[in-house]
Amino acid sequence: MLGRLVSIGYSPVEDQSALADVQAIVVLDGGTARYNREGEELAIVNRSSAVRALEAVRLYNKFQPSLVVVTGGAYASVGRMPEGGAIREILLAAGVPASRLVLDSASRNTREHVVNISALLRAEGVKRFALVTSSVHMRRAIQAFSGTGVQAVPAPAPLEVPEIFPWWPSTAALDRSLEASHEVFGLLRDLAR
């Protein structure tokens, strides 16, 4: 319920006219699950990133922009896949050409995403882009991009709702509650600033 409340006003883009003149897609990473053993690492998208990656693939197939930017940066030590690298791998496997993909591996939070991505998009001549993140995170992300010289068009990933027993406790519900709580506190922090 908290996720739905924070997401009011943001739903996946169905009308292609909403994406008129969009020149790029920007996907904000939602996290990576990492598994290590004897120096080997397996990095896979978590539930939130998976939904965002699928939405980015859907949008890419609809309007084939010249640029797709994936964010998610330097949380792990050098030599390991950056956070957004797992989403990048999904996009490549789905047919997005490597020549159109850019990975921002320096950003570690929404504020850094905005600074780095805005500069990148302006350098590429992009004025309007589709912003893919969770519907829960969208309000704060759109606010952060305002006044940067590039226009973010909300293209939220669908809110995951359990199909069976939506009120029954589950790890997926806990993940969604944690994400929604994080956004509520983020919005309150931004208001206080």
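This write-up is about the structure you can find in this document. Position numbers for residues count from 1 along each chain, tracking the sequence in the order it is written. Restriction of local features to residues with pLDDT of at least 70 applies here, the model being predicted, together with a cutoff of 80 or more for giving and counting side-chain atom pairs; totals for whole chains, interfaces and linings are based on all residues. To get the side-chain values, all heavy atoms of the structure are used, and hydrogens and water are removed first.

**So, the side chain of Asp-104**
- Elements are defined by DSSP. Helices are runs of H or I of four residues or more, strands are runs of E of two residues or more, and each kind is numbered from the N terminus. Take Asp-104: it is sitting in strand β5 (residues 101–104).
- Here the side chain of Asp-104 touches Ala-106 through a polar contact of 3.2 Å, landing on its backbone nitrogen. Nitrogen and oxygen atoms within 3.5 Å of one another constitute a polar contact, given that in protein one can donate a hydrogen and the other can accept it, and given that sequence-neighbouring residues count only through two side-chain atoms.

**Here's the deal with unusual backbone geometry**
- A positive phi angle is found at Glu-38, which is not glycine, with a value near 50 degrees.
- With respect to the helices and strands, Glu-38 occurs in the loop between β2 (32–37) and β3 (40–45).
- Between buried and exposed lies partly exposed: a residue is buried under 20% and exposed over 50% of the maximum accessible area for its type, with that area taken using a 1.4 Å probe on protein chains only. Assessed through its relative accessible area of 72%, Glu-38 is described here as exposed.

**Quick notes on the nonpolar core**
- One finds Leu-19, Ile-25 and Leu-91 to be the most contacted residues of the largest nonpolar core, which totals 23 residues.
- Counting only elements with at least two residues in this core, the list comes to β1 (24–27), α2 (47–63), β4 (67–71), α3 (85–93) and β6 (128–132).
- Ranked by residues supplied to this core, first place goes to α2 with six residues.
- Whether two residues touch is decided by their heavy atoms; if any such pair falls within 4.5 Å, the residues are in contact. Not counting chain neighbours up to four residues away, the residues in contact with Leu-91 comprise Ala-53, Ala-56, Val-57, Val-68, Val-70, Val-96 and Leu-101.
- As used in this record, nonpolar core signifies buried Ala, Val, Leu, Ile, Met, Phe, Trp, Tyr and Cys residues forming a set joined through side-chain atoms within 4.5 Å. Judged by nonpolar contacts, the second largest core, of 18 residues, contains Val-26, Ile-117, Val-126 and Phe-129.

**Focus: a nonpolar patch on the surface**
- Residues qualify for a patch when their relative accessible area is over 30% and they have no salt bridge, like charges being joined within 9 Å and the nonpolar side chains of Val, Leu, Ile, Met, Phe, Trp and Tyr within 5 Å. Using a 1.4 Å probe, accessible areas were evaluated by the Shrake-Rupley method; residue-level cover was limited to the displayed protein chains. For this analysis, a salt bridge means a side-chain nitrogen from Lys or Arg found within 4 Å of a carboxyl oxygen belonging to Asp or Glu. Taken together, the side chains of Tyr-35, Leu-42 and Ile-44 make up a nonpolar region of the molecular surface, amounting to roughly 300 Å² of accessible area.
- As for its placement among the helices and strands, Ile-44 is situated in strand β3.
- The partly exposed category is assigned to Ile-44, whose relative accessible area is 37%.

**Here's the deal with the pattern of salt bridges**
- Applying the stated rule across the entire model yields four salt bridges.
- With its nearest N and O atoms 3.9 Å apart, the salt bridge here joins Arg-88 to Glu-89.

**Focus: the sheet that holds β1**
- If you walk across this open sheet you meet the five strands as β5-β4-β1-β6-β7, and the pairing is parallel. Each edge of the open sheet carries a strand with a single partner, namely β5 and β7 (151–154). Adjacent strand axes in the sheet meet at a mean angle of 25 degrees, parallel and antiparallel pairs treated alike.
- At least two bridges found by DSSP between two strands are what make those strands a pair. As defined by bridge partners, β1 adjoins β6 across four bridges and the pair is classed as parallel. All axes are obtained by fitting lines to C-alpha atoms, using only the stretch in contact for helices, and the reported angles, taken between N-to-C directions, cover 0 to 180 degrees.

**Quick notes on the environment of Leu-101**
- For Leu-101, the location among the structural elements is in strand β5.
- Among the residues examined, Leu-101 registers a relative accessible area of 8% and is labelled buried.
- Along the chain, Leu-101 and Arg-88 lie 13 residues apart, while their C-alpha atoms are 7.6 Å from each other.

**With respect to α2**
- Between the first and last C-alpha of α2 there are 25 Å, a value that for 17 residues agrees with the 24 Å anticipated at 1.5 Å per step.
- Those residues of α2 lying buried are Ser-48, Ser-49, Val-51, Arg-52, Ala-53, Glu-55, Ala-56, Val-57, Leu-59, Tyr-60 and Phe-63.
- Between a side-chain oxygen at the N-terminus of α2 and the backbone nitrogen of Ser-48 the separation is 3.2 Å; the capping residue is Asn-46.
- Following α2 by one or two positions, Gln-64 adopts a phi angle in the positive range, close to 45 degrees. Each helix should span, by expectation, one fewer than its residue count multiplied by 1.5 Å.

Geometric descriptors of this kind do not, in isolation, establish any biological role.
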